[in-house]
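Secondary and tertiary structure notes
Chain by chain, the residues run as shown.
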Amino acid sequence: MPRALVTGATGFIGGHLVAALAHAGWEVHALARTTPPPGDAQAHWLDGSHERLLSILADVQPDVTFHLASLFLASHTPAQVTELAAANISFPMQLVEAMVRTGCRRLVNTGTAWQFDAAGMQRPVNLYAATKQAFDAILPYYQDVEALSVVSLRLFDTYGQGDPRRKLIRILLDAARTGEVLDMSPGEQIVDLTHVDDVTAAFVTAGQRLIAARAPLAEDWFVSGERQSLRDLVAKVEDAIDRALGVNFGGRPYRDREVMVPVDPSGRILPDWQRRRSLAEALPAMMSA
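This report concerns the structure included in the present document.

Here helix H3 (residues 81-101) crosses helix H4 (residues 127-146) at 20 degrees, and the two axes come no closer than 10 Å. With respect to H4, the element H3 is oriented roughly parallel. Handedness of the crossing formed by H3 with H4: right-handed. On H4, the residues that touch Val81, Leu84, Asn88, Ile89, Pro92, Met93, Val96, Glu97 and Val100 of H3 are Leu127, Tyr128, Thr131, Lys132, Ala134, Phe135, Ile138, Leu139, Tyr142 and Glu146. Among the residues forming the contact of H3 with H4, the class breakdown is 14 nonpolar, two polar and three charged.

This is the structure in structure tokens:
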């Protein structure tokens, strides 16, 4: 039975990953600070010290560490810079340092498609994406010096039943329930959405890929779902739930640094993984929940 250690297990995707790993036959452990992880995971409580992190890695000895913990901010204030760096650079550095010091050398890392422009060049959209990129720049040191084996998964937007985050799909479904009229941008930007079940399947596949590899990996893959314009997405939601939405396209301007066309993931999709859940299938159940 392979053993997993999950960071960010109390988050939406992390909680689903714990369940997916347990269902796939993994023994699941999770790092926790203040909130217990889902019931399928054994909790290991952090106190902020590197010594505690070392102790946990030494005791658990995971076959694969799945790093999902992060701080996401679409935009930031000067007061949040230290917090972003601590969550997205300092903590994962401490994690990897503790891993290699205890002989745990397989990591599934989580990145974001917003680290790249439409041409695939590294051009972070916001400071959150820049901090994810900064940690990526550190990993090659550990790969070269400590033979750390890494599969990084770059996520686009995600959704799924029970999602507590104030994300696009939830906003649209909430508006359908309440009749709220939504002021939106002109709606020509392309959005890429992946169901959480498909996202967690990608993480499990990446973990299995690390275990099966005969030599350390240094891989970087996208997890991509359905791509359409925001206007087309609204129409797709209306069709799926059989209800009209009050959307005022052009009611607000595009955001600063709006991503009109996300990076093209073609040729860079995780091998042995494919999208299985569709918006048309998932939305009616989400609407009735």
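Moving on from the coordinates now.
Below, the discussion takes up H4. The first and last C-alpha atoms of H4 sit 29 Å apart over 20 residues, in line with the 28 Å expected at 1.5 Å per residue. Along H4, the residues classified as buried are Tyr128, Ala129, Thr131, Lys132, Gln133, Phe135, Asp136, Leu139 and Tyr142. In this fold, the buried residues of H4 make contact with H3, strand E5 (106-112) and strand E6 (149-155). Once H4 finishes, alanine 147 follows within two positions and takes phi at roughly 55 degrees, a positive value.

The mixed open sheet is built from three strands, whose spatial order is E7-E9-E11. Because the sheet does not close on itself, it has two edges, and the strands there are strand E7 (157-159) and strand E11 (226-229). Across the sheet, the axes of successive neighbouring strands diverge by a mean angle of 35 degrees, strand direction being ignored. Of the pairings in the sheet, the one linking strand E9 (residues 190-195) to E11 comprises four bridges and is antiparallel in character. When the bridges of E11 are listed, valine 191 appears paired with glutamine 228. Along the sheet, helix H7 (residues 230-241) makes contact with E9 and E11, crossing E11 at roughly 110 degrees.

Basis of the calculations
- All residue numbers refer to positions counted from 1 along the written sequence of the respective chain.
- Confidence filtering applies because this is a predicted model: local features only for residues at pLDDT of at least 70, side-chain atom pairs given and counted only at 80 or more, and all residues used for totals across whole chains, interfaces and linings.
- The basis for the side-chain values is all heavy atoms of the structure; hydrogens and waters are excluded.
- Only the stretch in contact is used when fitting a helix axis, every axis being a line fitted to C-alpha atoms; angles between N-to-C directions are given from 0 to 180 degrees.
- Strands here are runs of E lasting at least two residues and helices are runs of H or I lasting at least four, both read from the DSSP assignment and numbered beginning at the N terminus.
- Any angle from 65 to 115 degrees is called roughly perpendicular, while one under 35 is roughly parallel, one over 145 is roughly antiparallel, and all others are oblique.
- In a left-handed crossing the near helix is turned counterclockwise from the far helix by less than a right angle, and in a right-handed crossing that turn is clockwise.
- The contact definition used throughout considers only heavy atoms, calling two residues in contact when any of these lie within 4.5 Å.
- Each residue is assigned to one of three groups, with Ala, Val, Leu, Ile, Met, Phe, Trp, Tyr, Cys and Pro labelled nonpolar, Asp, Glu, Lys and Arg labelled charged, and all others, Gly among them, labelled polar.
- One less than the residue count of a helix, multiplied by 1.5 Å, gives the span that helix is expected to have.
- For each residue, the accessible area found with a 1.4 Å probe, counting protein chains only, is set against the maximum for its type, and the residue is called buried under 20%, exposed over 50%, and partly exposed in between.
- Note on pairing: DSSP must find at least two bridges between two strands before they are called paired.

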